[in-house]
2 protein chains.
Amino acid sequence: MTEIDVKQKVLAANAAAAAGLRETFARTGTLVVNLISSPGSGKTTLLEKTVAVLKGSLSLGGLEGDIATERDAERLRKMGIPARQILTGGSCHLDARQVERALADEGGRLSNLDILFIENVGNLICPTSYDLGEDFKIVLLSVTEGEDKPFKYPAIFSKAAVTVVTKIDLLPYVPFDLAAVREQVATLAPDGRLVEVSATSGAGMDAWLSLLTDALAKKRAGVPAAGVAS
Amino acid sequence: MTEIDVKQKVLAANAAAAAGLRETFARTGTLVVNLISSPGSGKTTLLEKTVAVLKGSLSLGGLEGDIATERDAERLRKMGIPARQILTGGSCHLDARQVERALADEGGRLSNLDILFIENVGNLICPTSYDLGEDFKIVLLSVTEGEDKPFKYPAIFSKAAVTVVTKIDLLPYVPFDLAAVREQVATLAPDGRLVEVSATSGAGMDAWLSLLTDALAKKRAGVPAAGVAS
C-alpha cells in the first residue's frame, strides 16, 4: 500500500464510524458541533462563556481533543457540565473512533444531551478531513492571528458552516482588517455564517448563542439549517 | 504495510534528505533555522523586522511553507531578500525533499547565504517530526495564545532550541502568565533559550538578533552552540 492508499483507508474507516455517530445523535436529538482553530484562538474560553449562559436551560457536554494535558476538560467540568478529555497520542486531529470510544467510556453521560461541543486539537489543517458525526464544523479565528488566514487555510474555512471571529475586544491594539476577513469567508463559504465575538467583553455573544439554539431547534424540528451541512 | 510502517518509511526518506541538506549547509557555512508556530503567531512579521536590521551586513533568504497563497514569500521579497514559497499541497508541514527541490529550483540563490530562514507551515504539531537539515528549530508563541501551550504541545517545545514569546506589546491587554511559560519551557527544554519580543515595539529584538548572529559566528567557528541541537 502506498501512503495515499493508507490515507484513503483511514478516511474510509473514519467515515463509517462518523455515520454511526450521526445516526446515534439523530436518535437522541443532540446537536453536535465540531470546533476547530489554531491553538490559542479561544475555543475553550468561548465554550466556558457559552456554558455559563446555556446550562440553565439546556443539557450540555464537552469532548476535548488535545495532544497532552487534561486542562480543557477540567475547565469545562468546573463550569458544571460533563466533559471528557481525549488525548490523541500525538495525532493532530480527533477521529470518529476516538469519539465513539469516549462516548462509550462515559456510559451515556455524553450521548443524550441537547448540545455536545467537540473541541478539536488546536490545528487549522488536520481536523478538516475527519468527520466526527457532527451537525456542522465551526472554525474560530482570533483577531490577533492576522486577516490573511482564511485564504491561507482555505479547506477549513470552506468546510465550516460557521466562522467565529474571536477576541474582538483586542481590535484597537492589533492590525486586523475585519472587512478583508468577511470577504474571504464569503468567497470560501458563500452559504456560511460569520459571527464576531468577544468572550471577554460579551460583545457578539447574543448572535453566537442564538445561532446554537436556532440550530438545535431546527434539528429537533427536522429542518436542515441553511448553510449548515457537514 | 501498516499506517505506522508507511510513516516510518516517510520519516526515513526525510532523514536521508535532511542529512544531505545539512552537509550542503555545512559546506556553505549557512546558518539554517526552522521556524515553527501556530498560524498567526507572528513568524513572518518577526522575519520582516529581522531582515530590516540584518540585511545590511548579512546575506539572507527565506523559504516559506504554506498550504495556500504566495503571500509570505512576497512579504520577504518586499524586504529585499530572495524568498521562495513552497505550497505543500495540503500537507501540514514542510519536508526535506520539498526544501531540496526549492533550493534546486532557485539555482543557488538560496543555498549560499549567511542565514536561511525556513518558515514552516503554521502548525504546532506536524512540523515537529520533520528534520529539514536546519541547525536548530525555533518555536514561537504569541502572548495572545495563552500560557498553557508549552505543556499542551510538549514535543515542539522540547525539540526547539529557542522559544520566542512574541507580541509582548499586547501583555497589558490579555491574560498571560509569562512566569508560567518560562517554567514550562525550562522543564521541557532545560538547555534551550527563551527570548521575549515585540516586533511592533522593538522590545527584546536586540536579544533575538544577537542570538542569530552568535549562532552564525559559532557555526563559522565550528563551535556547537550550547542547547542548540537539531
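For the rest of this paragraph, the subject is the overall build of chain A. Secondary structure summary: chain A contains 8 helices and 7 strands in total. Taken over the C-alpha trace, chain A has a radius of gyration of 17 Å; the compact-globule value for 230 residues is 17 Å, and the two agree within 12%. With respect to the principal axes defined by its C-alpha atoms, chain A has extents near 50 × 45 × 40 Å. Within chain A, the proportion of its 230 residues that are buried is 57%.

Right, let's get into the environment of G202 of chain A. All names here are of chain A. Note that G202 resides in the loop between β7 (193–196) and α8 (205–221). G202 sits in the partly exposed class, given a relative accessible area of 36%. Through-space distance from the C-alpha of G202 to that of G146 is 21 Å; in sequence the pair is 56 residues apart.

Relative to chain A, chain B is turned by 180° and slid 0.0 Å along the rotation axis, the superposed coordinates differing by an RMSD of 0.0 Å. The transformation relating the two chain copies, once decomposed into turn and shift, fits a two-fold axis.

The next subject is the interface of chain B and chain A. Taken together, the contact between chain B and chain A spans 35 residues of the former and 35 residues of the latter. Taken together, both faces of the contact between chain B and chain A bury some 2,700 Å²; the carbon and sulfur share is 61%. Its largest share of buried area at the contact with chain A, chain B owes to P39, I125 and K152 of chain B, together 21% of the area lost on that side. Our count for the contact surface shared by chain B and chain A stands at 6 salt bridges. For K152 of chain B, the salt bridge is made with D72 of chain A, and the minimal N-O distance between the two is 2.6 Å. Mapped onto the side of chain B that touches chain A, the elements with two or more residues apiece are α1 (3–28), α3 (71–78) and α5 (149–152) of chain B.

A few words now on helix α2 (residues 43–54) of chain B. Taking 1.5 Å of rise per residue, the 12 residues of α2 of chain B would be expected to cover 16 Å, and the 16 Å separating its terminal C-alpha atoms lies within 8% of that figure. Among the residues making up α2 of chain B, those that are buried are K43, T44, L46, L47, E48, T50, V51 and L54 of chain B.

All names here are of chain B. Evaluation of the coordinates by the stated rule reveals 2 disulfides over all chains. Here C92 engages in a disulfide with C126; their sulfurs sit 2.3 Å apart. When the S-S torsion is -100°, as for the bridge of C92 with C126, the disulfide is left-handed. Of this pair, C92 sits in the loop between β3 (83–87) and α4 (96–105) while C126 sits in the loop between β4 (115–119) and β5 (136–142); the two residues are 34 residues apart in sequence, bridging distant segments of the chain. Judged by relative accessible area, which is 8%, C126 ranks as buried.

Attention shifts here to the sheet that holds β5 of chain B. Residues and elements named next belong to chain B. With parallel pairing, the 7 strands of this open sheet are ordered in space as β3-β2-β4-β1-β5-β6-β7. The open sheet has two edge strands with one neighbour each: β3 and β7 (193–196). Averaged over all neighbouring strand pairs, the angle between strand axes comes to 20°, with direction disregarded. Of the strand pairs in this sheet, strand β2 (residues 60–66) and β4 are connected by 5 bridges, and their pairing is parallel.

For the rest of this paragraph, the subject is the sheet that holds strand β6 (residues 162–166) of chain A. All names here are of chain A. Taken in spatial order, the 7 strands make up an open sheet running β3-β2-β4-β1-β5-β6-β7, and their pairing is parallel. Each edge of the sheet is formed by a strand with only one pairing partner; in this case those strands are β3 (83–87) and β7. Mean inter-strand twist for the sheet, computed between neighbouring axes without regard to direction, equals 20°. Each of β1 (31–36), β2 (60–66), β4 (115–119), β5 (136–142) and β6 touches helix α2 (residues 43–54); the most contacted strand, β4, lies at about 165° to it.

Before going further, it helps to spend a moment on the side chain of E134 of chain B. All names here are of chain B. Structurally, E134 can be placed in the loop between β4 and β5. With a relative accessible area of 0%, E134 lands in the buried category. A polar atom in the side chain of E134 sits 3.4 Å from the side chain of N34. There is a polar contact of 2.7 Å between the side chain of E134 and the backbone nitrogen of L132.

To continue, consider the packing of aromatic side chains. Under the defined criterion, the tally for this structure stands at 1 aromatic pair over all chains. Between the aromatic rings of Y173 of chain A and Y173 of chain B, the centroid separation amounts to 3.5 Å while the plane-to-plane angle is 5°, which identifies the pairing as stacked. Residue Y173 of chain A is located in the loop between β6 and α7 (178–188), and its partner Y173 of chain B is located in the loop between β6 (162–166) and α7 (178–188); the two belong to separate chains. We classify Y173 of chain A as partly exposed; its relative accessible area is 38%.

Residue and element names in this part refer to chain A. According to the stated counting rule, one finds 30 salt bridges over all chains in the structure shown. One salt bridge in this structure joins K137 and E134, with 2.6 Å as the shortest N-O distance. Accessibility classification places K137 together with E134 in one group, the buried group.

Turning to the nonpolar core, a few remarks are in order. Most often, soluble globular proteins keep nonpolar side chains buried together rather than apart. In terms of nonpolar packing, the biggest core is built from 48 residues, with F157 and F176 of chain A together with F157 and F176 of chain B touching the most fellow members. For F157 of chain B, the contacting residues outside a window of four places in its chain are L124, V139, L141, K149, P150, T163, V185, L188 and A189 of chain B.

This part takes up the pairing of β2 of chain A. Two faces, one strand: in a regular strand the side chains alternate between the faces of the sheet. All names here are of chain A. With respect to burial, β2 is a largely interior element, 7 of its 7 residues being buried. Where β2 meets β3, 5 bridges bridge the pair, whose relative direction is parallel. Within the sheet, the bridge partner assigned to G62 lies in β3 and is A83.

Moving on to the packing of α1 of chain B against α4 of chain B. Residue and element names in this part refer to chain B. Contact geometry for α1 and α4: axes closest at 8 Å, N-to-C directions at 40°. Judged by the inter-axis angle, α1 sits oblique to α4. In contact with A13, N14, A17, A18, L21 and F25 of α1, α4 contributes A96, R97, V99, E100 and L103. A class-by-class count of the residues in the contact of α1 with α4 yields 8 nonpolar, 1 polar and 2 charged.

Cut-offs and rules
- Residues numbered from 1 in each chain as written.
- Chains lettered and ligands numbered in written order.
- Predicted model: local features only at pLDDT ≥ 70, side-chain atom pairs only at ≥ 80, totals over all residues.
- Heavy atoms only, no water.
- Helix = DSSP H or I, 4+ residues; strand = E, 2+ residues; numbered from the N terminus.
- Rg over C-alpha atoms; globule rule 2.2 N^0.38 Å.
- Buried < 20%, exposed > 50% of the residue type's maximum accessible area, 1.4 Å probe, protein only.
- Least-squares fit on C-alpha atoms with pLDDT ≥ 70 in both.
- Contact = heavy atoms within 4.5 Å.
- Buried area = accessible area lost by both parts, 1.4 Å probe.
- Salt bridge = Lys/Arg side-chain N within 4 Å of Asp/Glu carboxyl O.
- Expected span 1.5 Å × (residues − 1).
- Disulfide = S-S within 2.5 Å.
- Pairing = 2+ DSSP bridges.
- Axes fitted to C-alpha atoms, helices over the stretch in contact; angles between N-to-C directions.
- Polar contact = N/O pair within 3.5 Å; in protein donor to acceptor, adjacent residues only side chain to side chain.
- Phe/Tyr/Trp six-rings, centres within 6.5 Å; stacked < 30°, edge-to-face > 60°.
- Core = buried A, V, L, I, M, F, W, Y, C linked by side-chain atoms within 4.5 Å.
- Parallel < 35°, antiparallel > 145°, perpendicular 65-115°, else oblique.
- Nonpolar A, V, L, I, M, F, W, Y, C, P; charged D, E, K, R; others polar.

From the geometry alone we can't say anything about function, so treat these as descriptive.
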